[in-house]
Amino acid sequence: MLIMVDAMGGDNAPYEIVKGCMDAINENDDFDILLIGDKSKINSILKENDFNNKRLDVFHTTEAITNEDSPVKAIKRKKDSSIVVGLEMIKDKKADVFLSAGNTGALMAGSKIILGMLEGVDRPALMSFLPTSKGLSVIVDAGANTMCKPVNLLQFGVMGSLYISEVFDVKNPKVGIVNVGAEENKGNDLVKSSYSMLKQANINFIGNIEGRQVLDGDADVIVCDGFVGNVLIKTLEGAAGYLFGSLKGIFNKNVITKLSGALVKKELKKFKKHMDYTEYGGVPLLGVNGKVIKAHGSSNAKAIKNAVIRAKSYVKSNVLEQIREDFKNMEVEDIE
């Protein structure tokens, strides 16, 4: 198995990207990694860490797409960027999966332009893992599409259901749609129309999910447009940071609170790990004709290592083939 990694994408590139890949290689023996980016910078990091494992190789590129670049323009103009080269290699079947922590818009635009969409899929969807009281749920879409039609939310629900069923072996996963109320007649036109479609689809649709319910874990797949999904995820990330920061301040207040903190330290560490996005690595871009994983833009080495493991699971799964089979007869233009 060959996993390609964009060494130049992300806030902490290239060092944290390269370090995460080294850690992934050291801890696993069933895949190789091809780092794409500036060879001199990558080799300098490898040398600094005295790393010379032959299972990790480097492909030199001269350009990098930054977060300031216009996604479509960058894909068309920066042909020797790590994102474009990586996607071209996936298209030519020179590797099994491409992982990037870089510009999300560019990765999505590049995937659509270079790889193309699976037959019957209208738009790609970015998935995100959501730690809940019952384990893990997924949000679809997490930011790829801020303007959606009902057919998009329908397809997000189907693709998310197929992913979590195949990769996490969840039987008959429960699918819910984010809304301002639990009643069927609540919400804007997009959500109400999407509700009707999801209700008729061949999935286990359980209805509306309010914001305060998303962490309950009652829905395995949480459907929304990318605007709502991205705001939801970042709000929860901020809330988690605030919560743990506040708890740290409370437990460090005096001798008694420090002793209390020591008593629950083990359980708090478990909870913090459960809520930590770096534990879950990367998420797939569903609907495109190739396997692409997006890691968080601020990923550190730990997050990249776990994203590589997530990429391995995606390669081993049959998700792409399942989506292709389910969607090939779906007529998008007939469902508005």
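Residues numbered from 1 in each chain as written. Predicted model: local features only at pLDDT ≥ 70, side-chain atom pairs only at ≥ 80, totals over all residues. Heavy atoms only, no water.

Trainee: Lay out the overall build of the chain in plain terms, naming residues and giving numbers.
Mentor: A tally of helices and strands in the chain yields eleven helices and eleven strands. Against the 2.2 N^0.38 benchmark of 20 Å for 336 residues, the chain shows a C-alpha radius of gyration of 21 Å, consistent with a compact globule. Counting only C-alpha atoms, the chain reaches 65 × 60 × 35 Å along its principal axes. Residue burial in the chain is summarised as follows: out of 336 residues, 49% are buried. (Helix = DSSP H or I, 4+ residues; strand = E, 2+ residues; numbered from the N terminus. Rg over C-alpha atoms; globule rule 2.2 N^0.38 Å. Buried < 20%, exposed > 50% of the residue type's maximum accessible area, 1.4 Å probe, protein only.)

Trainee: Tell me about the state of the cysteines, and please be specific about residues and values.
Mentor: Here the structure, examined in full by the defined rule, presents zero disulfides. Here Cys224 stays unpaired: no disulfide links it, and the sulfur of Cys148, its closest cysteine neighbor, is 8.7 Å away. (Disulfide = S-S within 2.5 Å.)

Trainee: Describe the packing of helix 6 (residues 150-167) against helix 11 (residues 319-327), naming the residues involved and giving the relevant values.
Mentor: Orientation of helix 6 relative to helix 11, taken along the N-to-C sense of each, is 140°, at an axis distance of 9 Å. In this structure, the crossing between helix 6 and helix 11 has a hand that is right-handed. Contact residues: helix 6 offers Gln155, Val158, Met159, Leu162, Tyr163, Glu166 and Val167, while helix 11 offers Val319, Gln322, Ile323, Asp326 and Phe327. (Axes fitted to C-alpha atoms, helices over the stretch in contact; angles between N-to-C directions. Left-handed = near helix turned anticlockwise from the far one by under 90°. Contact = heavy atoms within 4.5 Å.)

Trainee: Can you break down the pairing of strand 11 (residues 292-295) residue by residue, with the values?
Mentor: If a strand is regular, its side chains alternate between the two faces of the sheet. Burial of the side chains of strand 11 extends over both faces: Val292 and Lys294 are buried on one face and Ile293 and Ala295 on the other. Direction of pairing for strand 4 (residues 97-100) relative to strand 11: parallel, over a ladder of three bridges. Within strand 11, the residue paired with Ser100 across the bridge is Lys294. Bridge analysis of strand 10 (residues 282-286) against strand 11 gives three bridges, and the strand direction is antiparallel. If you follow Val283 over to strand 11, its bridge partner there is Lys294. Hairpin connection between strand 10 and strand 11: a loop of five residues separates the two successive antiparallel strands, and Gly287 in this loop has a positive phi of roughly 105°. (Pairing = 2+ DSSP bridges.)

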